[in-house]
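Understanding the architecture of this molecule
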Amino acid sequence: MTTARAAATFEPVGRSVAAARTFVRDTLQGWGHPEATDDAVVLTSELVTNAIIHAGTAVDVLCVRMADAVRIEVADRHAERELPLHSPALQPTPLDREGGRGLMLCAALASRWGVDYTAEHKRVWFQLNVAEPPAGTRAAGPELAVDELPLAEERIRVAVVRIDRGGLVSEWNDDARDLFGYEPEKVVGKPLGDLAAWPHTPGTGTGLAEALQLSRWEGSYGIRCNDGRVTPVYASHMRLRDSAGDPSTICLMVRDRERAVLQSPLRAPAGDGGESRTGTFPGGDSFEAFIGTPSPDDLDGLLQRTVERARDMLAGDAAYLLLATDDETELEVRASTGLPSARQRFARVPVETGTGRYGSARLPAVHEDLMADPDAVPLLAATGMRSVVSVPLKVEGRLTGSLGVAAEMPGRYTNEEALRLQFAADRIALAVESARLGELERLRRGSLSFLVEASDLLAGTLDRDQTLALMAQMIVPTLAAWCAVYTLPEQAEPELSYVLHEDEERIDDLRALLARIDPPEAVLVPGARLWRGPGDAAHTLALRHSFLSVSIAGNTTLAEDAETSLATAATVGGETVVLPLVARNRVIGMLVLGKPTDEHFRQEILELAEDLSRRAALALDNARLYSERTTISQSLQRSLLPPGLPDVPGVEVEVIYRPAGEGNEVGGDFYDLFEIRDGTYGFAIGDVCGTGPEAAAVTGLARTALRLLAREGFGGPAVLERLNAAILDEGARGRFLTLLYGELWPQPDGSAVLKTVCAGHPPPLRLRPDGTVEQATESQPLLGVMDDLELHSEELVLDPGDVLLCVTDGVTERREGTRMLGDEGLVDVLTTCTGLTAGAVAARVLRTVERFAAEPASDDMAILTMRVPGQRNGS
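Below you will find a few notes about this structure. Computed from a predicted model, the values in this text were never measured in an experiment.

How each quantity is defined
- Residues numbered from 1 in each chain as written.
- Predicted model: local features only at pLDDT ≥ 70, side-chain atom pairs only at ≥ 80, totals over all residues.
- Heavy atoms only, no water.
- Helix = DSSP H or I, 4+ residues; strand = E, 2+ residues; numbered from the N terminus.
- Buried < 20%, exposed > 50% of the residue type's maximum accessible area, 1.4 Å probe, protein only.
- Areas by Shrake-Rupley, 256 points an atom, 1.4 Å probe, with all protein chains shown as cover.
- Axes fitted to C-alpha atoms, helices over the stretch in contact; angles between N-to-C directions.
- Parallel < 35°, antiparallel > 145°, perpendicular 65-115°, else oblique.
- Left-handed = near helix turned anticlockwise from the far one by under 90°.
- Contact = heavy atoms within 4.5 Å.
- Nonpolar A, V, L, I, M, F, W, Y, C, P; charged D, E, K, R; others polar.
- Core = buried A, V, L, I, M, F, W, Y, C linked by side-chain atoms within 4.5 Å.
- Salt bridge = Lys/Arg side-chain N within 4 Å of Asp/Glu carboxyl O.
- Pairing = 2+ DSSP bridges.
- Phe/Tyr/Trp six-rings, centres within 6.5 Å; stacked < 30°, edge-to-face > 60°.
- Polar contact = N/O pair within 3.5 Å; in protein donor to acceptor, adjacent residues only side chain to side chain.
- Patch = residues over 30% accessible without salt bridge, like charges linked within 9 Å, V, L, I, M, F, W, Y side chains within 5 Å.
- Expected span 1.5 Å × (residues − 1).
- Arc of directions from axis to C-beta.

Examining the overall build of the protein chain
- Looking only at helices and strands, one finds 20 helices and 34 strands in the protein chain.
- Burial statistics for the protein chain: of 875 residues in total, 46% are counted as buried.
- Counting only carbon and sulfur atoms, one obtains 50% of the accessible surface of the protein chain, whose full area is about 42,100 Å².

Quick look at the structure:
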């Protein structure tokens, strides 16, 4: 049943197409059917265009409202039209053909459609199902030409995602699955942050976690799809609670180019009846008259609103806004609509005129046909735009940016449109500059905080591998989508040392790709330089695998390789830059930063990355130097210790050595056990004053002299007196030395005879089988102090079951606060070791020392135990 009708006739001229679109849009909105407006306007535009071009007669448009549908009829007055044949044998109309698309669109969008012929005219009609609208109007937008409305290239999908109070996905609808490629069971229970490519610059913007806590939020970000690509989405978040009071957030998402589906209508000022053609704004000469209220409170939102309003105002197909750098020599793309924004965003073009330069920045300019001058606006190359009008944004005579609107038709704009756009640019220039300066200040503060934190983290480690990992983790994803670190060994080719990607599943493929190509050249030139190697290699590999998978049909492995190669190409297909890692005026490596397909780096991000690279290079070189020092120290330490302990017949011997320096720094304590001649063994345990190379030199001297002199037949006192003279000969390089030296003779009856000289060293303790402990020798003067040193030896017999414990002062001087283990504590421990083997005694002493205090030991420790086996008590 028909409930309303509206009809209009349009002349066979080009402007009639826009008038017909306006008529249909206004009619359907007046009837309360905004849900059908977009499809109806698109179909009407195509049908009226076909009628004017091919029939050349006046066109009648009739709108009919029924109970559950609207019907649009487009009729021309050409009598001699051929009836189209519908045959399965006919090929579909090519999409790039001028005619025939109207009927294809009808078949795709309309619920019913058809073509009626009479002797006098041809009529094409289509019908769209609609729901009965509720009474009253919730919101309404201004009247716009159909060309200015957003375009949906396919069926619009609205992803509905529910986030629980913990930030985890709890619901995932079918449209979300179709848009992003994840089945619900793959994402439910995971944080939304694992999927969201949130636009983040250090120190600026609101994070995803904060946005999900707001009662309402609306804006753009990206979702990482199952194939590795990032899909820009426009989202509307609303926080609510259920009947039990449990809060959650509902996220509605559409493709960013279809943002009008969710974008809240702007509240225009009172009396806003649209922009006049004379260059003034109704409602007052104000910023709000153009940008609308409430105005966005962030720079990106303000710029995006600006380009959308500029495109709507001039009925363009695309619009863009560029901001000038501080020195006004380049312009950076900061916002666009109707263009491939991911490819253009943050791209830079010079201000000066010339081939390949952006030549209309400082004055308004109108280009009627870019085909005649393709270098006039490089930003629009290969975008299909033919005509463009651009105007400068100036503050106090200083160039701050450029605003442009483009159309696919040549000759679309005149000086009148340039004046209107310039008037709008003048209204917003000050607000844009103020927002830009605010963003720069926040960015600088955030960058400073970022660098301070990075410096603290890098200074907290001297491990090379950990430094590489920290460097990469600070860059990804804050500064780049992926990064790689090449190191440059001495006189060698660069090595790929570390690779990181924001998607962990892509790391192995990225590493394999980088391993296939030559590394970037190591040059001592500061700043970032472009590197096309990864992108070119990835696209070549993807193309090769795609050809193979097509040529060998049914090969699952090749198909999977092709899919992986395409995902890798998308990963590294954007801008890739190389920064040298320079430390102490030499290149020690390269830092590579990359973006996904068609993305560019902001200059501020590159400057921040350059600052970070300098700090990281110094930290990496410090780690290298420390590693070399540690290696030398460990090699020296090993050279100062005995290569192995000889087996002493009838005597158990155990040694435990713990240097206190980090990374096993060379210590001042040492020990030795060696065979002097058949049946005679020498042993020593000593402590050189201090640590480090000086103490190590004395340690090496003592150990070598002991062996040499003992094997020359000198007794214990003579050995130590000659060692004392050698230490004094070192002069200022000499160090005090406490030393316990002894000679050991195992006896046939199972005992062992020892002759010892204790030169200032803690005397050894003797443990009897009955548990008694006694001091085995007396202490004599230490070495390295007096010239005329006279020493004597003391003889000791170890009976079966006896244990001799020799330690350095790192054991007895173990402290915790004012408490010290001391000689008494060591005696107490040794008393409990009756019946234990030499190894067990040494282990118990060490465990007691370690447990005595929570802090790590600050002094070296050496423990030497000797035991003559015998009948064990209690066995």
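Topic: the packing of helix 10 (residues 415-459) against helix 15 (residues 603-640)
- Packing of helix 10 against helix 15 leaves a shortest axis separation of 10 Å and a crossing angle of 15°. Between helix 10 and helix 15, the angle is such that the two are roughly parallel. Where helix 10 crosses over helix 15, the two elements pack in a sense that is right-handed. Touching Leu440, Leu443, Ser447, Phe450, Leu451, Ala454, Ser455 and Leu458 of helix 10 are Glu604, Leu608, Asp611, Leu612, Arg615, Ala616 and Ala619, all from helix 15.
- Looking at side-chain class alone, the contact of helix 10 with helix 15 contains 10 nonpolar, 2 polar and 3 charged residues.

Here we look at the nonpolar core
- Met471, Ile475, Leu514, Leu593 and Leu612 are the most contacted members of the largest nonpolar core, which has 51 residues in total.
- No other element matches helix 15, which puts 9 residues into this core.
- Those residues in contact with Leu612, other than ones at most four positions away along the chain, are Phe450, Leu451, Ala454, Leu458, Met474, Ile475 and Leu479.
- One finds Ala4, Phe23, Cys63 and Ile72 within the second-largest nonpolar core, a separate group that totals 30 residues.

A look at the pattern of salt bridges
- Scanning the model with the defined rule gives 35 salt bridges in all.
- Its salt-bridge partner being Glu441, residue Arg445 comes within 3.5 Å of it at the nearest N-O pair. With Arg445 and Glu441 both in helix 10 and 4 residues apart, this pair spans about one turn of that helix.
- Look at Arg445 and you get partly exposed, because its relative accessible area is 47%.

Some points on the sheet that holds strand 25 (residues 680-688)
- The sheet built from 5 strands is open, its strands ordered 24-25-26-27-30 with antiparallel pairing. In the strand order of this sheet, the two ends are held by strand 24 (669-677) and strand 30 (794-798), each with one partner. The average angle at which neighbouring strand axes cross in this sheet is 20°, direction not considered.
- Where strand 24 lies against strand 25, 8 bridges are found, and the strand directions are antiparallel. Bridge pairing links Arg677 to Thr680 in strand 25.

Observations regarding the sheet that holds strand 18 (residues 482-487)
- A sheet is described by the order of its strands in space; here 5 strands give the open sequence 19-18-22-21-20, paired in antiparallel fashion. The two strands at the open ends of the sheet, each matched to only one other strand, are strand 19 (495-501) and strand 20 (529-530).
- Relative to strand 21 (residues 576-583), strand 20 is paired through 2 bridges, and the arrangement is antiparallel. In the strand pairing of strand 21, Arg529 is matched with Val578.
- Seen against the sheet, helix 12 (residues 507-516) touches strand 18 and strand 19 and runs at an angle of roughly 150° to strand 19.

Here we look at the environment of Leu430
- Relative to the assigned elements, Leu430 resides in helix 10.
- The exposure class of Leu430 is exposed, given its relative accessible area of 59%.
- Taking the C-alpha atoms as reference points, Leu430 and Leu393, separated by 37 residues in sequence, lie 8.5 Å from one another.

Re unusual backbone geometry
- Following Val476, the chain continues to Pro477 via a peptide bond in cis, the omega torsion being 0°.
- Secondary-structure assignment places Pro477 in the loop between helix 11 (464-475) and strand 18.

Topic: the packing of aromatic side chains
- For the coordinates displayed, the defined rule picks out 5 aromatic pairs.
- Between Trp172 and Tyr182 the ring centres are 6.4 Å apart and the planes differ by 75°, which places this aromatic pair in the edge-to-face class. On the criterion of sequence distance, the pair formed by Trp172 in strand 7 (residues 169-172) and Tyr182 in the loop between helix 4 (174-180) and helix 5 (184-187) is long-range, its members being 10 residues apart.
- Judged by relative accessible area, which is 8%, Trp172 ranks as buried.

Details of the side chain of Gln304
- Residue placement: Gln304 occurs in helix 8 (residues 299-313).
- You can call Gln304 buried: its relative accessible area is 17%.
- Among the polar contacts listed, one links the side chain of Gln304 to the backbone oxygen of Ser336, at a separation of 3.2 Å.
- Leave out the neighbours within four places in its chain, and Gln304 touches Arg259, Ala335, Ser336 and Thr337.

Considerations on the packing of helix 11 against helix 15
- Between helix 11 and helix 15, the least distance of the axes is 9 Å, while the angle of their chain directions is 165°. Considering their axes alone, helix 11 and helix 15 lie roughly antiparallel with respect to each other. By crossing handedness, the relation of helix 11 to helix 15 is classed as right-handed. Where helix 11 approaches helix 15, its residues Arg464, Thr467, Leu468, Met471, Met474 and Ile475 are matched on the opposing element by Leu612, Ala616, Ala619, Leu620 and Ala623.
- When grouped by side-chain class, the residues that make up the contact of helix 11 with helix 15 number 9 nonpolar, 1 polar and 1 charged.

Description of the pairing of strand 3 (residues 69-76)
- Of all 8 residues making up strand 3, 8 are buried, and the element is well covered by its neighbours.
- Side chains Ala69, Arg71, Glu73 and Ala75 project from strand 3 onto one buried face, and the interleaved Val70, Ile72, Val74 and Asp76 project onto a second face that is buried too.
- In this sheet, strand 3 lies alongside strand 2 (residues 59-66) in antiparallel orientation, the contact comprising 7 bridges. Residue pairing in the sheet places Leu62 in a bridge with Glu73 of strand 3.
- What sits between the antiparallel neighbours strand 2 and strand 3 is a turn of 2 residues.
- Pairing of strand 3 with strand 5 (residues 122-129), which is carried by 8 bridges, proceeds in the antiparallel orientation. Across the sheet, the residue bridging to Glu73 is Trp125, located in strand 5.

A few points about a nonpolar patch on the surface
- A grouping of Val42, Leu109 and Leu151 is seen on the molecular surface, where their side chains present a nonpolar patch of about 230 Å² in accessible area.
- Along the chain, the position of Leu109 falls in helix 3 (residues 101-109).
- Exposure remark for Leu109: the relative accessible area of 33% places this residue in the partly exposed category.

Brief notes about the pairing of strand 24
- Buried residues dominate strand 24, accounting for 7 of its 9 residues.
- A loop of 2 residues connects strand 24 with strand 25, the two strands running antiparallel in sequence, and Gly679 in this loop sits at a positive phi of about 80°.

Let's talk about helix 11
- The end-to-end C-alpha separation of helix 11 is 17 Å, in line with the 16 Å expected for 12 residues at 1.5 Å each.
- Three or more residues of helix 11 are buried, namely Thr467, Leu468, Ala469, Leu470, Met471, Ala472, Met474 and Ile475.
- Buried positions along helix 11 lie against helix 10, strand 18, strand 19, strand 21, strand 22 (586-594) and helix 15.
- Looking at where helix 11 begins, the residue whose side-chain oxygen comes 3.2 Å from the main-chain nitrogen of Asp465 is Asp463.

What about the environment of Ala481?
- Here Ala481 shows up in the loop between helix 11 and strand 18.
- The exposure class assigned to Ala481 is buried, which follows from its relative accessible area of 4%.
- In the structure, Ala481 is positioned 22 residues away from Asp503 in sequence and 8.4 Å away in space, judged by C-alpha atoms.
- Sequence-distant contacts of Ala481, defined by excluding residues within four places in its chain, comprise Val476, His501, Glu502, Gly594, Lys595 and Pro596.

What about helix 12?
- Turning to helix 12, its buried residues are Ile507, Leu510, Leu513 and Leu514. Summarising the axial view, the buried residues of helix 12 lie within an arc of 125°, below the 170-degree limit, and thus occupy one face. Away from its buried face, by an angle of more than 90 degrees, helix 12 presents the exposed residues Asp508, Ala515 and Arg516.

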